[in-house]
Amino acid sequence: MRSVFFSFSFDDVFKVNQVRKSGTFSGAYQAGFRDRAEYKKIAKGGEVAVKHWIDSQIRGCSVTCVLIGRGTYNSKWVNYEIQQSIINRMGLLGIYIHKLNDPTKPQDTGFLDPPNPLDKHQVSINGLFGTSYRQASEVYETYTWCTGLLGAIGNDIRDWIEIAASRAGR
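As a starting point, this report considers the structure included with it. Since the model is a prediction, treat every value here as computed from it, not as a measurement.

Conventions adopted
Residues numbered from 1 in each chain as written. Predicted model: local features only at pLDDT ≥ 70, side-chain atom pairs only at ≥ 80, totals over all residues. Heavy atoms only, no water. Helix = DSSP H or I, 4+ residues; strand = E, 2+ residues; numbered from the N terminus. Buried < 20%, exposed > 50% of the residue type's maximum accessible area, 1.4 Å probe, protein only. Contact = heavy atoms within 4.5 Å. Areas by Shrake-Rupley, 256 points an atom, 1.4 Å probe, with all protein chains shown as cover. 1 Å grid on protein atoms, 1.4 Å probe; cavity = no way out; pocket = protein on both sides within 12 Å on 5 of 7 lines; lining within 4 Å. Points joined across faces, edges and corners; volume = space filled by probe spheres on them. Core = buried A, V, L, I, M, F, W, Y, C linked by side-chain atoms within 4.5 Å. Pairing = 2+ DSSP bridges. Axes fitted to C-alpha atoms, helices over the stretch in contact; angles between N-to-C directions. Lys, Arg positive; Asp, Glu negative; His and termini not counted. Salt bridge = Lys/Arg side-chain N within 4 Å of Asp/Glu carboxyl O. Polar contact = N/O pair within 3.5 Å; in protein donor to acceptor, adjacent residues only side chain to side chain. Parallel < 35°, antiparallel > 145°, perpendicular 65-115°, else oblique. Left-handed = near helix turned anticlockwise from the far one by under 90°. Nonpolar A, V, L, I, M, F, W, Y, C, P; charged D, E, K, R; others polar.

## A closer look at the overall build of the protein chain
- What the protein chain contains, in helices and strands, is eight helices and six strands.
- Traced from its N-terminal end to its C-terminal end, the protein chain shows the element sequence β-α-α-α-α-β-α-β-β-β-α-β-α-α.
- For the protein chain, the residues scored as buried account for 43% of the 170 residues in total.
- Counted over contacts in the protein chain with a minimum sequence separation of 6, partners at least 24 positions apart contribute 72%.
- Here the protein chain has roughly 9100 Å² of accessible surface; of this, 53% comes from carbon and sulfur atoms.

As structure tokens, this is what we get:
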């Protein structure tokens, strides 16, 4: 079973918990979800403490799964987590969760997906003619979490995680 680090903005915690409680996760898969209270306690120690905590959470994981809502693109810590995942050559994937219902916020009725935070990051590719760089969003897959019947059929996050791990050689 894979050890997965889940990266998300705490602004989306209600939607994140819907994914978390979908019945898909148990054991090591569930271990990657962080608790807001734990984060707030660590954040009191400042930026260095948060980075150290994130690094310790990522260590030993084979895949980072970025849960993407409307504010994820600009999240300092999500972007740090993506950067560290690339540096550590982990499997990486994104999942749009912005369409999930959140009774604490207006329903997202926009047709466009939010910006993908993987667009902000570069991945080095060693090739025959040297090293080239591509956007992480071109290298790593991004999926959409569906609800209702489509979700029951299409939300195959375990397969998505396995694909990301295999591509990273993990």
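## Here we look at the layout of surface pockets
- In this model, the largest pocket occupies a volume close to 270 Å³.
- M90, V139, Y140, R167 and A168 are the residues nearest the centre of the largest pocket, which is lined by 18 residues in total.
- Among the secondary structure elements, those contributing two or more residues to the lining of the largest pocket are β3 (91–96), β4 (122–127) and α8 (157–167).
- Top contributing element to the lining of the largest pocket by residue count: α8, with four residues.

## With respect to the nonpolar core
- Core analysis: the biggest nonpolar cluster contains 31 residues, and L93 and I95 have the highest contact counts within it.
- Among the elements that make up this core, the one with the highest residue count is α8 (five residues).
- Within the second largest apolar cluster, 11 residues are counted, among which are I68, I82, L118 and Y140.

## Overview of the sheet that holds strand β6 (residues 142–144)
- Read across the sheet, four strands follow the order β1-β2-β3-β6 without closing on themselves; strand pairing throughout is parallel. Taken across any chain shown, the strands that pair with only one partner, and hence form the sheet edges, are β1 (4–7) and β6. Sheet twist, expressed as the average angle between the axes of neighbouring strands with direction ignored, equals 25°.
- Where β3 lies against β6, three bridges are found, and the strand directions are parallel. By the bridge assignment, G94 is partnered in β6 with T142.
- This element, α8, spans β1, β2 (63–68), β3 and β6 of the sheet and lies at about 145° to β3.

## What about the side chain of D12?
- Structurally, D12 can be placed in the loop between β1 and α1 (13–20).
- No salt bridge forms around the buried D12; measuring N to O, its nearest opposite-charge neighbour K105 is 4.4 Å away.
- A polar atom in the side chain of D12 sits 3.5 Å from the side chain of T72.

## Side note on the environment of I97
- Relative to the helices and strands, I97 resides in the loop between β3 and β4.
- Exposure remark for I97: the relative accessible area of 0% places this residue in the buried category.
- Each C-alpha atom, one on I97 and one on V19, is 8.3 Å from the other, the two residues being 78 residues apart in sequence.
- Excluding residues that lie within four positions of it along the chain, I97 makes contacts with D12, K15, V16, V19, L67, I68, G69 and W145.

## Regarding the environment of Y96
- Among the structural elements, Y96 can be located in strand β3.
- On the basis of relative accessibility, which here comes to 10%, the residue Y96 falls in the buried class.
- Distance from Y96 to V66, taken between C-alpha atoms, is 8.4 Å for residues 30 residues apart in sequence.
- Non-local contacts of Y96, meaning those with residues more than four positions away in its chain, are made with I68, D113, P114, N116, T142, Y143, T144 and W145.

## Some points on the packing of helix α4 (residues 47–58) against helix α5 (residues 76–87)
- For the pair α4 and α5, the least separation of the axes is 11 Å and the interaxial angle reads 45°. Our classification of the angle between α4 and α5 gives oblique. Between α4 and α5 lies a crossing of right-handed hand. Together, E47, V50, K51, I54, D55 and I58 of α4 and K76, W77, Y80, E81, Q84 and S85 of α5 make up the contact between the two elements.
- Of the residues assigned to the contact of α4 with α5, the class counts are five nonpolar, two polar and five charged.

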